Amino acid sequence: MIRGDLRVEEGRITSVGPSGSPAADEVVDASGFAIVPGFVNAHTHVAMSLLRGIADDRELAGFLETLFAVDAHRSETDVEAGARAGIAEMILSGTTSFLDLYYFEDAIARAVESLGIRGFLGWAVLDPELTTQKGIPVENARDFIGRWKGHPLVSPLVAPQGVYVCGKETWVKAREVADSAGTLLHYHLSETRREVHEHQTKTGRRPVVWLEEIGVLGPRSVAAHAVWLTGEEIRLLAQREVGIAHCPSSNLKLASGGVAPVVELRSAGATVGLGTDSVASNNSLSMLREMHIAGLIQKNQRWDATILPAQELLDLATRDGARLLGRGDDLGSLEVGKQADFSLFRLDHPSLLPARPETVVSHLAYSASDEAIDSVYVAGVPVVRHRSLTRGDWKAIRESAESAAANLWSARPK
Ligand SMILES: [Zn+2]
């Protein structure tokens, strides 16, 4: 931790530390605040905010049955309403970048643009015969990338949903689209034992080994979950530089069983970030909560309180998340030359007491409340100030989300 000033010019950090000249166009008095790098939520489905609580306390099969039934009724308009509500929740809790997997991503991109967060938006791809999308999903992904590539806040990408809905041809095409467009590939991987078992029965290979054999594993890709892995699969993922989005709340709530081998993945050299997954399975988008749970679950599982200390948990939520996105040089920490994405935490908030230099990182990992976040900046632009959105009206966002939710909830199976 450094005591001092942060200077921002044209959206980037130009100095950190004791400052000689306070002269600037705008000076923000941050005394009494901790300046914390913006969080990177490495796996979510933001437009599902309308579905929070719709399938709680169910087995994965029942959970998915409800979600698929409701999904069939989704429209681009309600996806945008859900995305705006979810993005509001994320920026109010200190997240400045997120990696999304869904369809109608243009609607999500518009929500990103209007509220000022950074969206890494993966167009969901599955086999053409299994989708409700019009046209061929992988082609839709390619078109989506064409429409948004080069946008300062929106990074479009391809997102095969998982081995259970994507055959070899779909995976290979998705990889080709990502490689030719120079984007990330994002997918679900080995989330449940059942997924692994069924894939092995069908193909004779566990998912990671199969993806390696068909030429999909490689850098610039992020696999969400990765709970059920063998030692060989851990080595393969690390060797192939596949990033991992660990989603502990979602795994615990859906009783995926087992615990993702975060420590082994990191020791093998893989980059691991943290994701909330959607609010249908979390049920929050708070990265503070996710850090807390990630730490506790690993310590308890391994009978080792020294595992994943507070600074490493904060790294997972910031710097390592940025590396997953291929933006390690540009995002994820407060360093000269990087984008000015950060939050101001009120040090007088009860959840940060005692606010001493040696406790701040620990409080962020284990106790800080979202309510302690006063302001949030993306590329030096305030998107939250004094706990209010600066680029959107929460009342209007909430009202349109509630009315879109009412339609969707009426479609759920009884
Ligand atoms: Zn997911």
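The following refers to the structure shown. Everything numeric here is computed off the predicted structure, so don't read it as measured data. (Residues numbered from 1 in each chain as written. Predicted model: local features only at pLDDT ≥ 70, side-chain atom pairs only at ≥ 80, totals over all residues. Heavy atoms only, no water.)

### Description of the overall build of the protein
Right, on to step 1. Helix and strand counts for the protein stand at 15 helices and 15 strands.
Right, on to step 2. For the protein, whose C-alpha radius of gyration is 21 Å, the value lies close to the compact-globule estimate of 22 Å for 414 residues.
Right, on to step 3. Dimensions along the principal axes, computed over C-alpha positions, put the protein at roughly 65 × 45 × 40 Å.
Right, on to step 4. Here the protein, with 414 residues, has 56% of them falling under the buried criterion.
Right, on to step 5. Of the contacts made within the protein by residues no fewer than 6 positions apart, 71% connect residues no fewer than 24 positions apart. (Helix = DSSP H or I, 4+ residues; strand = E, 2+ residues; numbered from the N terminus. Rg over C-alpha atoms; globule rule 2.2 N^0.38 Å. Buried < 20%, exposed > 50% of the residue type's maximum accessible area, 1.4 Å probe, protein only. Contact = heavy atoms within 4.5 Å.)

### Thoughts on the pairing of strand E5 (residues 95–102)
Right, on to step 1. Most of E5 sits inside the fold, with 8 of its 8 residues counted as buried.
Right, on to step 2. Here 4 bridges tie strand E4 (residues 39–44) to E5, and the two strands are oriented parallel to one another. Paired with Val40 across the two strands is Ser97, which belongs to E5.
Right, on to step 3. Read from E5 through helix H3 (residues 105–115) to strand E6 (residues 118–125), the crossover connection turns out right-handed. (Pairing = 2+ DSSP bridges. Right-handed = clockwise from strand over helix to strand, strands pointing away.)

### Brief notes about the coordination of the zinc ion
Right, on to step 1. Surrounding the zinc ion are the protein donor atoms His43 (NE2), His45 (NE2), His188 (NE2) and Asp277 (OD), at 2.1 to 2.4 Å.
Right, on to step 2. For the zinc ion, the 4 donor atoms in the first shell make angles of 83 to 174° at the metal, so the coordination geometry reads as irregular.
Right, on to step 3. Counting along the primary sequence, the residues that act as donors to the zinc ion give the motif H-x1-H-x142-H-x88-D. Of the two residues, His45 sits in the loop between E4 and helix H1 (60–71) while Asp277 sits in the loop between strand E11 (272–274) and helix H11 (287–302), which places them 232 residues apart along the sequence. Asp277 carries the same exposure label as His45, and that label is buried. (Donors = N, O, S within 2.8 Å, 3.2 Å for Na, K, Ca; no water. Tetrahedral: all angles 85-135°; square planar, octahedral: opposite > 155°, others 65-115°.)

### Looking at the pattern of salt bridges
Right, on to step 1. Under the defined criterion, the tally for this structure stands at 29 salt bridges.
Right, on to step 2. For the salt bridge of Arg385 with Glu26, the shortest nitrogen-to-oxygen distance reads 2.8 Å. With Arg385 in strand E14 (residues 381–385) and Glu26 in the loop between strand E2 (12–17) and strand E3 (33–37), the pair connects residues that are 359 residues apart, well separated along the chain.
Right, on to step 3. A salt bridge links Glu335 to Lys338; the nearest nitrogen and oxygen atoms lie 3.4 Å apart.
Right, on to step 4. Classification of Lys338 as buried rests on a relative accessible area of 6%.
Right, on to step 5. The network of salt bridges with common partners includes Arg266, Glu312, Asp320 and Arg323. (Salt bridge = Lys/Arg side-chain N within 4 Å of Asp/Glu carboxyl O.)

### A look at the pairing of strand E12 (residues 342–346)
Right, on to step 1. In terms of burial, E12 is largely enclosed, as 4 of its 5 residues are buried.
Right, on to step 2. Of the strand pairs in this sheet, E3 and E12 are connected by 5 bridges, and their pairing is antiparallel. Across the sheet, the residue bridging to Ala34 is Phe345, located in E12.
Right, on to step 3. The pairing of E12 with strand E13 (residues 373–378) spans 4 bridges and is antiparallel. Each bridged residue has a counterpart across the sheet, and for Leu344 the counterpart in E13 is Ser375.

### Observations concerning helix H15 (residues 394–409)
An α-helical turn contains 3.6 residues, so a residue and the one three or four places further along point in the same direction.
Right, on to step 1. The terminal C-alpha atoms of H15, which comprises 16 residues, lie 21 Å apart, in line with the 22 Å expected from a rise of 1.5 Å per residue.
Right, on to step 2. On its buried face, H15 sits against H1, helix H2 (76–92), H3 and strand E15 (388–389). (Expected span 1.5 Å × (residues − 1).)

### Quick word on unusual backbone geometry
Right, on to step 1. Here the amide bond leading from Asn282 into Asn283 is cis, since omega sits at 10°, within 30 degrees of zero.
Right, on to step 2. Within the element layout of this structure, Asn283 appears in the loop between E11 and H11.
Right, on to step 3. A cis geometry characterises the amide bond from Leu353 onward to Pro354, with omega recorded as -5°.
Right, on to step 4. Backbone geometry at Ala255 places phi at a positive 50°, although glycine is not the residue there.
Right, on to step 5. Checked against the element boundaries, Ala255 lands in the loop between helix H9 (248–253) and helix H10 (262–268).

### Description of the nonpolar core
Side chains of a nonpolar character, in soluble globular proteins, are inclined to be buried together.
Right, on to step 1. In this structure, Leu211 and Phe345 are the most contacted members of the largest nonpolar core, which totals 111 residues.
Right, on to step 2. The greatest single-element share of this core, amounting to 9 residues, is contributed by H2.
Right, on to step 3. If we skip the residues at most four places from it in the chain, Leu211 touches Val163, Trp171, Tyr187, Leu189, Val216 and Leu217.
Right, on to step 4. Counting 13 residues, the second largest nonpolar core, distinct from the first, contains Ala42, Leu157, Val222 and Leu331. (Core = buried A, V, L, I, M, F, W, Y, C linked by side-chain atoms within 4.5 Å.)

### Regarding the sheet that holds E3
Right, on to step 1. Taken together, 5 strands build an open sheet; the order of strands is E3-E12-E13-E14-E15 and the sheet is antiparallel. The two strands at the open ends of the sheet, each matched to only one other strand, are E3 and E15.

### Quick look at the environment of Asn407
Right, on to step 1. Relative to the assigned elements, Asn407 resides in helix H15.
Right, on to step 2. Accessibility expressed as a relative area gives 56% for Asn407, which makes it exposed.
Right, on to step 3. Sequence separation between Asn407 and Arg74 is 333 residues; the distance between their C-alpha atoms is 9.2 Å.

### Observations regarding the packing of aromatic side chains
Right, on to step 1. What the rule picks out here adds up to 6 aromatic pairs.
Right, on to step 2. Geometrically, the ring pair formed by Phe39 and Phe345 is edge-to-face, given 6.5 Å between the ring centres and 70° between the ring planes. Pair noted here: Phe39 is in strand E4 and Phe345 is in strand E12, with a separation of 306 residues, a long-range link.
Right, on to step 3. By relative accessible area, Phe345 is classed as buried at 0%.
Right, on to step 4. With 4.7 Å between their ring centres and 15° between their planes, Tyr102 and Tyr103 make a pair best called stacked. There is no split in this pair, since Tyr102 and Tyr103 are both buried.
Right, on to step 5. Counting every residue linked through ring pairs, the aromatic cluster contains Tyr102, Tyr103 and Phe104. (Phe/Tyr/Trp six-rings, centres within 6.5 Å; stacked < 30°, edge-to-face > 60°.)

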